Amino acid sequence: MATLSAAAATVDGTGSRTLHANSPDSKKIVGVFYKANQYASLNPEFVGCAEAALGIRDWLESKGHQYIVTDDKEGPNCELEKHIHDMHVLITTPFHPVYVTAEKIKKAKNLQLLLTAGVGSDHVDLKAAADAGITVVEISGSNAVSVAEDELMRILILVRNFLPGYRQVIDGDWNVAGIAHRAYDLEGKTVGIIGAGRIGKLLLQRLKPFNCNLLYHDRLTISPELEKETGAKFEEDLDVILPKCDVVVINTPLTEKTRGMFDKERIGKLKKGVLIVNNARAAIMDAQAVVDACSSGHIAGYSGDVWNPQPAPRDHPWRYMPNHAMTPHVSGTTINSQLRYADGVKDTLDKYFKGEEFLAQNYIVKEGKLASQYQ
């Protein structure tokens, strides 16, 4: 068994980096979070920003560990680059992600644990992490309620044509016809949920009182009890469900199979005038195909909080396409969600220091193998 460094990972016969979690050595932990600036002090529960650093600094330092926190993650001279070579743990988030490429992994000789404060680890080259024997963990379920509520809000914003009315008020205008000509009730509409995991199930339950026609597509069916509760009907074939939907909500993880899944051809199969909500990952969509379909009116409204890349550059075409209701990536970082994933990170690190197993549902890469949803 070869030792990488005095306080580092060890490599077993398969090339896997063994978590030296019960070692007394001090660990170097790097956290990369969005900067809050003037907003940092406005809420003591605002723990997800760089200034609060998940509220675990005192705890980590009391145990003798080094905790480096920054928002500076881009370019060869960024703060993150100064610590890649000797960090043991990297904590990052989907909201201000470090794109952990194979090149970064190669530099990170001591890296044992990649920890996502939140849900969704597609910012990591998972194959490279698996090949290097690095464990990848996220805080499953921490964002589910937050994202499901946000998706319901976005559905209503699009269906009721809310944003033009809001802009009229800001601009000093008053034109009811400019809103009402494409404002509808949600009742009676067919809503298709693409991906019925934790978030999708919660959204189905929240849509039930609106008396929608609920359809869903996934690799697996939901429980018969939940199908009966919500009235949702399963459709195995994605290309069969899509033309039926007035509203499509995307909740699938980003994998090699789902990357670019909604290309020009598949978008063309959608009902003309469809509304799309995507809080999953932007790369599931062909970005230009979305712009073109919004411009032609084939997509009557597109809303979400995920972009590719993040933060979105100023010239990103989704900023300027018609009939969108986009925001920065915020749905899964409500104060309540922050508290949940901060607690999850602390629990995970505590298990790491003690040499204990992590919660099974949180593993994305374990002992060189990817979780099923990313295969």
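These numbers were taken from a predicted model, which means no experiment stands behind them.

Novice: Please give an account of the packing of aromatic side chains that cites residues and values.
Specialist: The geometry of an aromatic ring pair is captured by two quantities: the separation of the ring centres and the angle between the planes. Going through the model one piece at a time under the given rule, you end up with 9 aromatic pairs. Aromatic pair Tyr302 and Trp318: ring centres 5.1 Å apart, planes at 55°, arrangement tilted. Taken together, the positions of Tyr302 in strand E14 (residues 299–304) and Trp318 in the loop between E14 and strand E15 (324–326) put the pair 16 residues apart, joining distant regions of the chain. Each residue in the set Trp59, Tyr352 and Phe353 is aromatic and connected to the rest through ring pairs, giving one cluster.

Novice: Run through the UniProt feature "domain: D-isomer specific 2-hydroxyacid dehydrogenase catalytic" (unreviewed entry) in the protein, naming residues and quoting values.
Specialist: Per the UniProt record, the feature "domain: D-isomer specific 2-hydroxyacid dehydrogenase catalytic" (unreviewed entry) sits at residues 60–357. Split by type, residues 60–357 is 34% helix and 16% strand. Its first and last C-alpha atoms lie 19 Å apart.

Novice: Which residues make up the packing of helix H4 (residues 144–159) against helix H7 (residues 198–207), and what values do they have?
Specialist: Packed helices, taken two at a time, are described by their axes: the angle between them and the distance between them. Look at H4 against H7: their axes get within 8 Å of each other, and the N-to-C directions meet at 50°. Viewed along their axes, H4 and H7 adopt a mutual orientation that is oblique. For the element pair H4 and H7, the recorded crossing hand is right-handed. Packed against H4, whose contacting residues are Ala144, Val145, Val147, Ala148, Glu149, Glu151, Leu152 and Ile155, the element H7 presents Arg198, Ile199, Leu202, Leu203, Arg206 and Leu207 at the interface. Here the contact of H4 with H7 is composed, by residue class, of 10 nonpolar, no polar and 4 charged.

Novice: Explain the nonpolar core residue by residue, including any values.
Specialist: The biggest cluster of nonpolar side chains holds 33 residues, and the ones touching the most others in it are Val248, Ile276, Met285, Tyr302 and Trp318. Among the elements of the structure, helix H9 (238–241), strand E12 (247–250), strand E13 (274–278), helix H11 (287–296) and E14 are those that each provide at least two residues to this core. At 5 residues, H11 tops the list of elements feeding residues into this core. In this view, Val248 contacts Gly192, Ile194, Leu242, Leu270, Val274, Leu275, Ile276 and Val277; residues no more than four positions away in its chain are not counted. Residues Ile56, Phe95, Val137 and Phe358 belong to the second largest nonpolar core, which totals 30 residues.

Novice: Residue-level account of the environment of Ser295, with values.
Specialist: Tracing the backbone shows Ser295 in helix H11. Sequence spacing of Ser295 and Trp307 is 12 residues, and the spatial spacing of their C-alpha atoms is 18 Å. For Ser295, the side chain forms a polar contact with the main-chain oxygen of Val291, separated by 2.8 Å.

Basis of the calculations
- Residue positions are counted from 1 within each chain, in the order its sequence is given.
- Local features in this predicted model are restricted to residues whose pLDDT is 70 or higher, and side-chain atom pairs enter the listing and the counts only when it is 80 or higher, whereas totals over whole chains, interfaces and linings include all residues.
- Only hydrogens and water are removed before side-chain values are computed, so all heavy atoms of the structure are retained for them.
- Aromatic rings from Phe, Tyr and Trp, with only the six-membered ring used for Trp, were paired whenever their centres fell within 6.5 Å, and each pair was classed as stacked if the ring planes differed by under 30 degrees, edge-to-face if by over 60, and tilted otherwise.
- Secondary structure elements follow DSSP: runs of H or I of four or more residues count as helices, runs of E of two or more count as strands, with numbering from the N terminus.
- UniProt positions are given in the numbering used here, feature names are shortened, and annotations may be inferred rather than shown by experiment.
- Interaxial angle, 0 to 180 degrees, is taken between N-to-C directions of lines fitted to C-alpha atoms, where a helix line uses only the stretch in contact.
- If an angle is under 35 degrees, it is roughly parallel; if it is over 145, roughly antiparallel; if it lies from 65 to 115, roughly perpendicular; otherwise it is oblique.
- Each crossing gets its hand from how the near helix is turned against the far one by less than a right angle, where anticlockwise is left-handed and clockwise is right-handed.
- Contacts are assigned to residue pairs that have any heavy atoms within 4.5 Å of one another.
- For this classification, Asp, Glu, Lys and Arg are treated as charged, while Ala, Val, Leu, Ile, Met, Phe, Trp, Tyr, Cys and Pro are nonpolar and the rest, including Gly, are polar.
- Throughout, nonpolar core names a set of buried Ala, Val, Leu, Ile, Met, Phe, Trp, Tyr and Cys residues whose side chains join them through atoms within 4.5 Å.
- Relative accessibility thresholds used throughout: buried, under 20% of the residue-type maximum; exposed, over 50%; partly exposed, between the two (1.4 Å probe, protein chains only).
- Here a polar contact is taken to be a pair of N or O atoms separated by no more than 3.5 Å, where protein atoms must pair a possible hydrogen donor with a possible acceptor and residues adjacent in sequence count only if both atoms sit in side chains.

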